[in-house]
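A structural walkthrough
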Amino acid sequence: MNRKISFSTYRSIDIAIFTGLMVLFEFFSVRGFDLFNGIYSLSLFLVLSLITMLRWKAWAIIPVVVGGATYALAHPDGTIQNVIVYVVGNLFVLIALVWIIKGQDKLKNNYYLILFVLTGFFGYCIGRTILGSLVFKVDFVRLLIGNLGTESLNALLSLIVIFIARKQPGILDNQKTYVERVQEEEKQNSLEVEEWKKA
């Protein structure tokens, strides 16, 4: 790009895009259609959260919170209790950040990448269950089994999307590192052009 933008502006735009996608798909997952008659829930919450984590680490909290609020309020019976369950419960997906903290390069390994996705999956399912059992006074184990069952399709979908996305340069990279690498490559290419002109 000829026009330069600051890194903070780039980050804000990128997170805003993922947050917008989160709102769109979470609203659509509630109001758009029900393919499985309530047996399974089809949502891109997990995969969008994980991709944002890989790109921006803890900044992923923004689409996570907004996505939870959207999902809760999109329900016809959207109450403050639902908002608490989905917003606070969804925050547990950020437990997957532990794999990024341990070293994002390790996630190039299939085994670690699967663990990363499953950690996020179990994280928000358990988080929703904890909040749901406390707020609505329901049995924890039964609610957990229900959440894991209805969300299982989303775990599979996330694995498929993540494994496809990692083949595309920069999509799952830490964006600070990625931008620095691109700038370094551009600088190197510029130096090579200058040397070629002088030759």
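Notes on the structure in this doc start here. (Residues numbered from 1 in each chain as written. Predicted model: local features only at pLDDT ≥ 70, side-chain atom pairs only at ≥ 80, totals over all residues. Heavy atoms only, no water.)

1. Here we look at helix H6 (residues 110-136)
Three- or four-residue spacings in an α-helix give side chains the same orientation, since the helix completes a turn every 3.6 residues. What counts is decided by this rule: Here a strand is any run of E in DSSP of at least two residues, a helix any run of H or I of at least four, and the numbering for each starts at the N terminus. By definition here, a helix of n residues has an expected span of 1.5 Å times n minus one. Distance and chemistry together define a polar contact, namely a pair of N or O atoms within 3.5 Å, with one atom able to donate a hydrogen and the other to accept it when in protein, and with adjacent residues in sequence counting only for side-chain atoms on both sides.
Here H6 contains 27 residues, and its C-alpha end-to-end distance of 38 Å stays within 8% of the 39 Å for a straight helix at 1.5 Å per residue. For H6, the side-chain oxygen to backbone nitrogen distance between the N-cap and Tyr-111 is 2.7 Å, and the N-cap itself is Asn-109. In the segment just after H6, Lys-137 is the residue with positive phi, at about 55°.

2. A few points about the nonpolar core
Under the convention used in this document: Here, the term nonpolar core denotes a set of buried Ala, Val, Leu, Ile, Met, Phe, Trp, Tyr and Cys residues that are joined through side-chain atoms within 4.5 Å. The buried label applies to any residue whose accessible area, calculated with a 1.4 Å probe on protein chains only, is under 20% of its type's maximum; exposed applies above 50%, and partly exposed to all values in between. Two residues qualify as a contact provided that any one of their heavy atoms is within 4.5 Å of a heavy atom in the partner residue.
Formed by 30 residues in total, the largest nonpolar core has its most connected members in Leu-50, Met-53, Val-93, Phe-116 and Ile-162. Elements supplying a minimum of two residues to this core: helix H1 (7-31), helix H2 (45-56), helix H5 (97-101), H6 and helix H7 (140-165). The leading source of residues in this core is H2, at eight residues. In this structure, Val-93 is in contact with Phe-45, Leu-46, Ser-49, Met-53, Val-64, Gly-120, Gly-123 and Tyr-124, ignoring residues within four places of it in sequence. Counting nine residues, the second-largest nonpolar core is a separate cluster that includes Val-30, Tyr-86, Val-87 and Leu-131.

3. Describing the side chain of Asp-14
Position of Asp-14 relative to the elements: it lies in helix H1. Polar side-chain contacts of Asp-14 include one of 2.8 Å to the side chain of Arg-55.

4. Quick notes on the packing of aromatic side chains
Let me state the cut-off plainly: To pair, rings of Phe, Tyr and Trp, with the six-membered ring standing in for Trp, must have centres within 6.5 Å; the planes then decide the type, stacked if under 30 degrees apart, edge-to-face if over 60, and tilted in the middle.
Following the criterion strictly, the structure yields nine aromatic pairs and no others. Pairing Phe-45 with Tyr-124 gives two aromatic rings, centres 5.2 Å apart and planes at 70°, and the pair type is edge-to-face. With Phe-45 in helix H2 and Tyr-124 in helix H6, this pair connects stretches of sequence that are 79 residues apart. Neither Phe-45 nor Tyr-124 differs from the other in exposure class; each is buried.

5. A few points about the pattern of salt bridges
Where charged atoms from two side chains of opposite charge approach closely, those side chains can pair. The criterion, for reference: Whenever Lys or Arg places a side-chain nitrogen within 4 Å of a carboxyl oxygen from Asp or Glu, that contact is recorded as a salt bridge.
Scanning the model with the defined rule gives five salt bridges in all. With a closest N to O distance of 3.9 Å, Asp-105 and Lys-108 form a salt bridge. Close ionic contact of Glu-151 with Arg-128 constitutes a salt bridge, the shortest N to O distance being 3.2 Å. Taken together, the residues span a long stretch of sequence, with Glu-151 in helix H7 and Arg-128 in helix H6 at a distance of 23 residues. Grouping residues by exposure puts Glu-151 and Arg-128 together as buried.

Any functional reading would require information beyond the geometric quantities listed.
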